[in-house]
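# Structural description and commentary
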There are 6 protein chains.
Amino acid sequence: MDKTIYVINPNCLVEVTRGLKASLAPFEWNAGPRIECMTLRDGPPGIQTEQHVESAALLVGRLVADLEQTRGDQVGAYVIACFSDPGLYLARDQTRKPVLGIQECGLLTAMSLGQRVGVIAILKTLMNRHARAYAAAGIASRIAGELPLSLGVAELQDEGTTRARLLEVGRRLRDEYGSEVLVLGCAGMPQYRAWLEDQLAVPVVDPTMAAVAMALGRVLDAG
Amino acid sequence: MDKTIYVINPNCLVEVTRGLKASLAPFEWNAGPRIECMTLRDGPPGIQTEQHVESAALLVGRLVADLEQTRGDQVGAYVIACFSDPGLYLARDQTRKPVLGIQECGLLTAMSLGQRVGVIAILKTLMNRHARAYAAAGIASRIAGELPLSLGVAELQDEGTTRARLLEVGRRLRDEYGSEVLVLGCAGMPQYRAWLEDQLAVPVVDPTMAAVAMALGRVLDAG
Amino acid sequence: MDKTIYVINPNCLVEVTRGLKASLAPFEWNAGPRIECMTLRDGPPGIQTEQHVESAALLVGRLVADLEQTRGDQVGAYVIACFSDPGLYLARDQTRKPVLGIQECGLLTAMSLGQRVGVIAILKTLMNRHARAYAAAGIASRIAGELPLSLGVAELQDEGTTRARLLEVGRRLRDEYGSEVLVLGCAGMPQYRAWLEDQLAVPVVDPTMAAVAMALGRVLDAG
Amino acid sequence: MDKTIYVINPNCLVEVTRGLKASLAPFEWNAGPRIECMTLRDGPPGIQTEQHVESAALLVGRLVADLEQTRGDQVGAYVIACFSDPGLYLARDQTRKPVLGIQECGLLTAMSLGQRVGVIAILKTLMNRHARAYAAAGIASRIAGELPLSLGVAELQDEGTTRARLLEVGRRLRDEYGSEVLVLGCAGMPQYRAWLEDQLAVPVVDPTMAAVAMALGRVLDAG
Amino acid sequence: MDKTIYVINPNCLVEVTRGLKASLAPFEWNAGPRIECMTLRDGPPGIQTEQHVESAALLVGRLVADLEQTRGDQVGAYVIACFSDPGLYLARDQTRKPVLGIQECGLLTAMSLGQRVGVIAILKTLMNRHARAYAAAGIASRIAGELPLSLGVAELQDEGTTRARLLEVGRRLRDEYGSEVLVLGCAGMPQYRAWLEDQLAVPVVDPTMAAVAMALGRVLDAG
Amino acid sequence: MDKTIYVINPNCLVEVTRGLKASLAPFEWNAGPRIECMTLRDGPPGIQTEQHVESAALLVGRLVADLEQTRGDQVGAYVIACFSDPGLYLARDQTRKPVLGIQECGLLTAMSLGQRVGVIAILKTLMNRHARAYAAAGIASRIAGELPLSLGVAELQDEGTTRARLLEVGRRLRDEYGSEVLVLGCAGMPQYRAWLEDQLAVPVVDPTMAAVAMALGRVLDAG
């Protein structure tokens, strides 16, 4: 298979891209589609405000347009690896290949695993944007609740703090909001997924893995 | 990877299972999860009525319970490969592993590719059931329309007739109903997907491929 | 009037059927439709899981098909007397006469008495199924909440325990969830309806009585 | 049984009340609740505009308040027999007994008989009001469509004209709008129900009969 | 500009009308539309029950019909200045000019300022009516919550008590219900708007000012 | 009054800004708030694609941030005068003053004038974006339909062609889609509003006038 799935990290943090690459290793095999993870070099250093989203959006759009021109033949699909899906519709205007957003795919995948979906956001700042997206997608009735970890960049780098908050917030979403499945509302946490699922005994979805699996499905089925 | 994805064809037609197996070939690789397609030997000869769905449901539930007991360790996920998702909730009661229905996954995958989803059903008989399922899943606002091919078993075996009807119905869903993406409402048509997509210039989703991709995502991400 | 309303108890507990028959006595008079309560002899001993629902469904479908053949002329309507409405759509495929489910009729009747409806379930196990049914019926916005009594079979036979829990759960639905009308989520509790209504000062609906009244309406109006 | 169901015709046309009384004959028996049909002597001569609805509303409210005072002990339930449900909420403020509107009950009863409900209105003038009521009741997703007969008072008295239009409009609702069950959107047509049902082979609901059946259920179950 | 916006206070309290007039002073200028505030002399002394609403409705309808006849040429728009919007649809039947209800306009204006809207009602008595109106308008998903001040007429005249309750209820709507914008659910509180907005740091909408601004827009744009 | 309402035209066409300024003349008076119309000099030459919207969004956000810094004291409100509401949420992050989008305000104003709203778009290209916005705002049930004029820039400058298409599309929205009120889906057509309203005999809303009226209401009521 000579097709590539482009996973675009729309912030400029190379470590996030590296983490995605590591987590996606099981999704690649010799004869399968390649998975290429890219960093948006001019992107914002994390996407935490509308300003970040909008500036990333334009860059994502431009990158997809560029890739179409330079490597169009080998593109199988695009994945935008940020939970705000920046530039999703703009990118779709640049290509007829599938452009998948990890928010959208993370939620749709969760909906295949349970009726009531809880979302763990990083910060409160973009939760209104998320809510509008859920309503725009017509899936708001499936969202049991969304709660923020409320952790800054430094705290997120402390694994112990992060685990403690994930547990706390995940438990509330499960027990108080009745969530039957949880979604990690961020591209930077694949390493916690399996652990959190074990702890809470409900399925936990990493949105990037969900999106790449759906991209894989499209590419493999296209022959 | 020592995990298997069990794809259950809930009717007794071995040819359908064989078709699924062939179509799923690209989804298997040496180090990846195995994909095993099973026929429900006592299942109905096609699932076209509520009676078929209900009788298949019980058998699907029993099969999943059996597999859990006999091969529980190696099960990665279950896929119920019939567009009525017979026994979906019953099967979920037998296991904590993912049980995916192809109707649900086909629609959720389509929702990642376009706003307005059109569904091509085989017959009118189960369209009411489908509509109830869309509403129960809270996704009815995304369904642009559903139209039946209205082809009997014999006619479905005639490839020319089938292609002609697929084109006709697909075009109406695209042009009159405004569908931006189509779903094949049946497990038995993977061979027409790419062709129909080419003809109509909108994405066409085969629901079984969609469900197996989502199952693959869960199994690969579970490590 | 030579018509009969068949009230099918889809579990095998003859006492439940007997209780229904007693409660329905006021609904019968000399010149009116007969009401015949039937027990599903091969049915499950109570309907508490998806497995129970699915196995009852097939039997309900078969019974309705049989009654159509053997007593078709005298059938006025069918009532499926279990709050999961097992086999509702399957039964409707067997006949053109009205087939009413007590969940559906209990809720619709409650909706004629108040805006926000609370449901008292027996166990938590089937509450997800109920929620899907409310959404499928497009009436989810009218459900203020659903809470389980969480009583086992033995406890349910203790009248004191049952009354205490009915009061406790009913009060929460009224005061915390804002329910203006309550539905008993079970066929086996007609004897508590009037008492609970008196205690809580909101209308309480017994779903079987509600369904039989609606069946009566159809039969009487058909002349 | 010493209870009475008061069926209030909120217009001043005695013939309409008489027609209701005749149609309700099968709903009465010796030991059962009495059914008393009342004409709102000061009511408008038909309810075709918002002005009619509002003026009837006040009178319905006053009548219910009066009946509560003068015959409170014997009242079992009230039925407001006009498809605009004038004064429904006002009347409910005057009493703790059930006050049922025929629009509400007609639609809820139809929802127990099929998924997609078609409504046959008399005139277009109040269809906007109906639509707001369906949305307020949270049942708009079940309405397949509503079409007016567009017949004036004189034309409605011509039985041939009325039958022709009922057939024409009912067929459109069934065939073009996909209605599986129809509701007569008027209190004055019980005599056409069975005939129209026969002609169109889908259930047809007379809203007054539906409401009285639901009232009967409440009164009988109250013991 | 020779047009007048008629602001109808549908209760008989001249002080309320006087308060509206004072608050609306900034909305008038020499060359602009006149704003005339009218008291419904025969209206109820406050609108706190369905009975009040319905009796005001008829009077509002009649007043609009009268104004159309006597001053039709100079009418620019009508505003019904009571949060129950009594007679809104009846009045619209009397004229082709805009008839705006302050509930509707207050909520729509709030929706332009934030996603989740909280409503401060005076009493609990009409909150069910409000809820039905929100659903009928298809905007229920935007309502974060509605809470009553639960203050009687006498208490409302005590400014200290009123401020204390406004703060208390406003805070709950903001903090517990997540309201991003608040609406005063009453025509009689324009003097508290700016103060409450300052205290709570979320936009607070006075519904009459909102409706008059929208009326002004229609009149000015009509030339 | 020393406050200014800033009306931002997010494209670079000075003529459009000039047209807005002319149409807004009746909204200004000596003692009232000033209305300043600004052109986004670096903005795209018209907003017809996602690319245009996204690039305008960033510029709108920056302009609002600048105005806050340089003229913060005198700002009363901001109006984004493009039917895609580019940068609406980004701008709201820069200020606590009201930021109104003309799409949002145009639709909300239309909702105060009729139940079913029709939208006249310029081109089909952004109609999907509009539909997502309506759903995100929870008002999709009020949209009767949206149809494009499908006129290019040159054709739009031909007044005869534009009028002919406005009439044609407006009539279809009124007669086939049942729209009771229409919204011009573009900032550049205020001169056609009154004429189209006369022709079609349903209210027609210019979205910029609607937004400025709502901005005026906020500024005047703030004292």
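This is a predicted model, so every value here is computed, not measured.

On to the pattern of salt bridges, then. With the rule as written, the count across this model stands at 72 salt bridges over all chains. Where B:Arg193 meets A:Asp221, a salt bridge forms, and the shortest distance between an N and an O atom there is 2.8 Å. Here B:Arg193 is found in helix H8 (residues 193-200), whereas its partner A:Asp221 is found in helix H9 (residues 207-221) on a different chain. Each member of the pair, B:Arg193 together with A:Asp221, is buried. Close ionic contact of E:Glu104 with E:Arg92 constitutes a salt bridge, the shortest N to O distance being 3.3 Å. A residue pair is termed long-range when its members are at least 10 positions apart, and E:Glu104 in helix H4 (residues 102-111) and E:Arg92 in helix H3 (residues 88-92) qualify at twelve residues. A residue is classified by how much of its surface remains accessible, and E:Glu104, at 11% relative accessible area, is buried. One salt-bridge network, held together by shared partners, links A:Arg193, A:Glu197, B:Arg218 and B:Asp221.

All right, on to the domain arrangement of chain A then. Residue and element names in this part refer to chain A. Domain assignment breaks chain A into domain 1 (4-101 + 209-222) and domain 2 (104-206). Each partner contributes to the interface: domain 1 provides 22 residues, whereas domain 2 provides 22 residues. Roughly 1,700 Å² is buried in total at the junction of domain 1 and domain 2, and carbon and sulfur atoms are behind 59% of that figure. Where domain 1 touches domain 2, the interface holds three salt bridges. Going through the elements one at a time, helix H1 (14-24), helix H2 (50-71), helix H3 (88-92), strand E4 (99-101) and H9 are the ones with two or more residues in the side of domain 1 that touches domain 2. The element best represented in the side of domain 1 that touches domain 2 is H9, accounting for four residues. Its residues placed into classes, the side of domain 1 that touches domain 2 shows twelve nonpolar, six polar and four charged.

A few words on the relation of the copies chain D and chain E. When chain D is fitted to chain E, the best match, at an RMSD of 0.0 Å, comes from turning it 180 degrees and sliding it 0.0 Å along the axis. Both copies of the chain, as the preceding transformation shows, are related through a two-fold rotation axis. Taking the C-alpha atom as reference, chain D places D:Ala136 closest to the rotation axis, 2.1 Å from it. The residues that chain D uses at the interface reappear at the interface of chain E in 100% of cases, marking a shared surface.

With that settled, consider the interface of chain B and chain A. Across the contact, 38 residues belong to chain B and 38 residues belong to chain A. Together chain B and chain A conceal approximately 3,000 Å² of surface at their shared face, both sides included; 55% is due to carbon and sulfur atoms. In this structure, the connection of chain B to chain A is made through four salt bridges. With its nearest N and O atoms 2.9 Å apart, the salt bridge here joins A:Arg218 to B:Glu197. There are 14 residue pairs in polar contact (both at pLDDT 80 or more) connecting chain B and chain A. Those elements that place two or more of their residues in the side of chain B that touches chain A are strand E4 (99-101), helix H4 (102-111), H8, strand E8 (204-205) and helix H9 (207-221) of chain B. No other element matches H9(B), which puts seven residues into the side of chain B that touches chain A. Of the residues in the side of chain B that touches chain A, the class split is 23 nonpolar, six polar and nine charged.

What counts as what
- Residues numbered from 1 in each chain as written.
- Chains lettered and ligands numbered in written order.
- Predicted model: local features only at pLDDT ≥ 70, side-chain atom pairs only at ≥ 80, totals over all residues.
- Heavy atoms only, no water.
- Salt bridge = Lys/Arg side-chain N within 4 Å of Asp/Glu carboxyl O.
- Helix = DSSP H or I, 4+ residues; strand = E, 2+ residues; numbered from the N terminus.
- Buried < 20%, exposed > 50% of the residue type's maximum accessible area, 1.4 Å probe, protein only.
- Domains from an automatic or database assignment.
- Contact = heavy atoms within 4.5 Å.
- Buried area = accessible area lost by both parts, 1.4 Å probe.
- Nonpolar A, V, L, I, M, F, W, Y, C, P; charged D, E, K, R; others polar.
- Least-squares fit on C-alpha atoms with pLDDT ≥ 70 in both.
- Polar contact = N/O pair within 3.5 Å; in protein donor to acceptor, adjacent residues only side chain to side chain.

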